[in-house]
Amino acid sequence: MSTILNDDKIPNNVNLSSDRRLQRALEAWQPGFLSWWQEMGPAGFQAKDVYLRTAISVEANGWAHFDYVKMPDYRWGIFLEPKQEGRVHGFGDFEGQPVWDEVPGEFRNMLRRLVVTQGDTEPASVEQQRMLGQTAPSLYDLRNLFQVNVEEGRHLWAMVYLLHTYFGRDGREEADELLARRSGDRDRPRILGAFNEPNNHWLSFFMFTMFTDRDGKYQLAALAESGFDPLARTCRFMLTEEAHHMFVGETGVQRIVKRACELMKQPGGDVRAQGGIDLPTIQKYLNLWYTLSLDLFGGEVSSNAADAFAAGLKGRYKEDKYTEHKLVDSFFAMDVLEGGKVVHKDVAMRNALNEVLRTEYIKDCQRGVDRWNKTIKDEGIDFVLTLPSNKFHRQIGMWSGSYFTPAGELLDAATWNARRSEWLPSEADEAYVKSLMMPVTEPGKMAGWIAPPAKGINGLPGEFVYVRLD
Ligand code: BYC
Ligand code: FE
Ligand code: FE
């Protein structure tokens, strides 16, 4: 089961060669994936050697192998965590019954929609980040960008494996569609909002990997509870790789914050005049990517969420830390909008599950922001970064039709329009941040707007040649 045949065209621990039909179908999808990667993957670096980690097994110690690889030669593999014998549904209407190894007919559409939505985000993020390599602040950061990109490519493979294996012909069609949609395209956009937003520079990249990849963590964790066992096992392994993506985001922002503080302490203290990104600008990009990411949890009150929980397909974050798993007669107290007013109300728990997951996510984001604030404090600077209210700048769900300040106070449209650029990046902010984006390619050197990382990758020094550009 867990032997990896490395001479297979598609590395895997699912014994792919025992199912010739499936193997052929995936081998037929592979060239399409590779041409998508050439067309929409990192622009300008396909022929370069990059020091990358590759997943080669699911063993806790030693799942990753580090070496120089040209990205198109990356061994995108299919890895599922080992099957746990006797596993049962952990929640929902089927709690306690054996988990499913096949897709039950009545839940087929719901499950396919979840797998397709998850799968769609992975190539979307690669498309969004396609041009960033050209302006990387260091070789270390360039390598981290490509690491994230190849792993999002592998996450696409993970979902395509499920589509091909369990959904027959329409699964194969959906797998083809995953290569046909394009982030930000007017006619064939990606499915979810945040994945159609431009990601034009490294401040946005780090905010994206901090906040949007963290939605990935929470959604994958909810799907890792699934009673459809292959989905649970796939998502569990994806979470192993996800930790590094959020590390890239959190430490990336932390380094920009640190640099801003250092520049504030220089004579004059004007961060922008010295080519840094000032803390108020960082706050605006935090506001933007955090709220775009809050939207990814869906509506506050959702029958889709209730149905997916009832069917045992999508659980809560760490379902086993809860004691009750059916949620039939329980309620969640939350703010709702009623007659133009915000009121606190009990909502039937199953319908509130998007909000329950979002609430866990918010706590996790806050822990990261607290660490950024510790950096600011350690630098002796008096400034606090904050997460805006979950009602601020929403485009999905109950709050999307109204305007709120970052503190969560209701506003009229005119005031919102007048004050918007105090809270969200203006065109001038965007132009300023973009003006700083000059590539730094000398080993160990950093752009002036970001502090160096505390340590290198895989125990290597900061000046290691993480990408060979010659
Ligand atoms: N944008 O009942 P509702 C990741 C749609 S990130 C556009 O409120 P539901 C990654 C919704 O589809 C993790 N549309 O919400 C990160 C529905 O449309 P239909 C990705 C949206 O269904 C970084 C309608 O609104 N994984 O892995 O309970 C880099 C009403 O929906 C949005 C998943 O998302 C939006 N933001 O929840 C790389 C997990 N939100 O069907 C990768 C799988 C909602 O009526 N997906 N809508 O036409 C899901 O669990 C659910 O689809 C959602 C939405 C949580 C996204
Ligand atoms: Fe991913
Ligand atoms: Fe990710």
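Notes on the structure in this doc start here. Going along each chain's sequence as written, the residues are numbered from 1 onward. Chains carry letters and ligands carry numbers; both start at the beginning, A for chains and 1 for ligands, and go up in the order they are written. Note on the predicted model: pLDDT of at least 70 is required for a residue's local features to be given, and 80 or more for side-chain atom pairs to be given and counted; whole-chain, interface and lining totals, by contrast, use all residues.

### Structural notes on the pairing of strand E3 (residues 331-338)
As a reminder of what qualifies: At least two bridges found by DSSP between two strands are what make those strands a pair. Runs of E in the DSSP output that reach at least two residues are strands. Runs of H or I that reach at least four are helices, and both are numbered from the N terminus.
Direction of pairing for E3 relative to strand E4 (residues 341-348): antiparallel, over a ladder of eight bridges. Paired with methionine 334 across the strands is lysine 345, a residue of E4.

### Observations concerning the sheet that holds strand E2 (residues 64-70)
Counted only if it meets this: Contact criterion: two residues are in contact if their C-beta atoms, reconstructed from the backbone, are within 7 Å. Fitted lines through C-alpha atoms give the axes, limited to the stretch in contact for helices. The angle between two N-to-C directions lies from 0 to 180 degrees.
Strand order in the open sheet formed by three strands is E2-E1-E7, with antiparallel pairing between adjacent strands. Since the sheet does not close on itself, it has two edges, and those belong to E2 and strand E7 (467-468), each with one partner. In terms of strand pairing, strand E1 (residues 49-55) meets E2 through seven bridges, oriented antiparallel. Bridge pairing in E2 places alanine 55 opposite alanine 64. In the packing of helix H3 (residues 139-166) onto the sheet, the strands contacted are E1 and E7, and the crossing angle to E1 comes to about 40 degrees.

### Structural notes on the nonpolar core
Heads up, the condition is: Only buried residues count toward a nonpolar core: Ala, Val, Leu, Ile, Met, Phe, Trp, Tyr and Cys, linked into one set through C-beta atoms within 7 Å. Exposure classes come from backbone-placed C-beta atoms, where a residue is buried if 20 or more other C-beta atoms lie within 10 Å of its own, exposed if 12 or fewer do, and partly exposed in between.
With 108 residues, the main nonpolar core has Val160, Met207, Ile256, Ala260 and Trp289 as its most contacted residues. Tallying contributions element by element places H3 first for this core, with 15 residues. Setting aside anything within four residues of it in sequence, one finds tryptophan 289 in contact with Ser204, Met207, Phe208, Phe211 and Thr212.

### Re the environment of tryptophan 399
Within the element layout of this structure, tryptophan 399 appears in the loop between helix H9 (353-378) and strand E5 (403-404). With 63 residues separating them in the primary sequence, tryptophan 399 and valine 336 have C-alpha atoms 8.4 Å apart. For tryptophan 399, the contacting residues outside a window of four places in its chain are Leu337, Lys391, Arg394 and Phe404.

### Notes on H3
The line we're drawing: Each helix should span, by expectation, one fewer than its residue count multiplied by 1.5 Å.
Across its 28 residues, H3 extends 41 Å between first and last C-alpha, which sits within 8% of the 40 Å expected from 1.5 Å per residue. Of all 28 residues that make up H3, 26 are buried, and the element is covered over most of its length. Of the residues trailing H3, glycine 168 is marked for its positive phi of about 55 degrees.

### Let's talk about the site of ligand 1
The cut-off we apply is this: In this analysis a residue is considered near a molecule or strand if the C-beta atom, reconstructed from its backbone, is found within 6 Å of that molecule or strand. In the scheme used here, Gly and all other residues not listed as nonpolar or charged are polar, with Ala, Val, Leu, Ile, Met, Phe, Trp, Tyr, Cys and Pro taken as nonpolar and Asp, Glu, Lys and Arg as charged.
Near ligand 1 there are 25 residues, and of these Gly216, Gly298, Gly299, Ser302 and Asn304 occur at the shortest range. Listing elements by their share of the shell around ligand 1, those giving two or more residues are helix H2 (108-128), helix H5 (202-223) and helix H8 (303-310). When residues of the shell around ligand 1 are assigned to their parent elements, the largest contribution, six residues, is made by H2. Class assignment of the residues belonging to the shell around ligand 1 gives a composition of six nonpolar, 13 polar and six charged.

So far we have only geometry, and geometry alone does not tell us how the molecule works.
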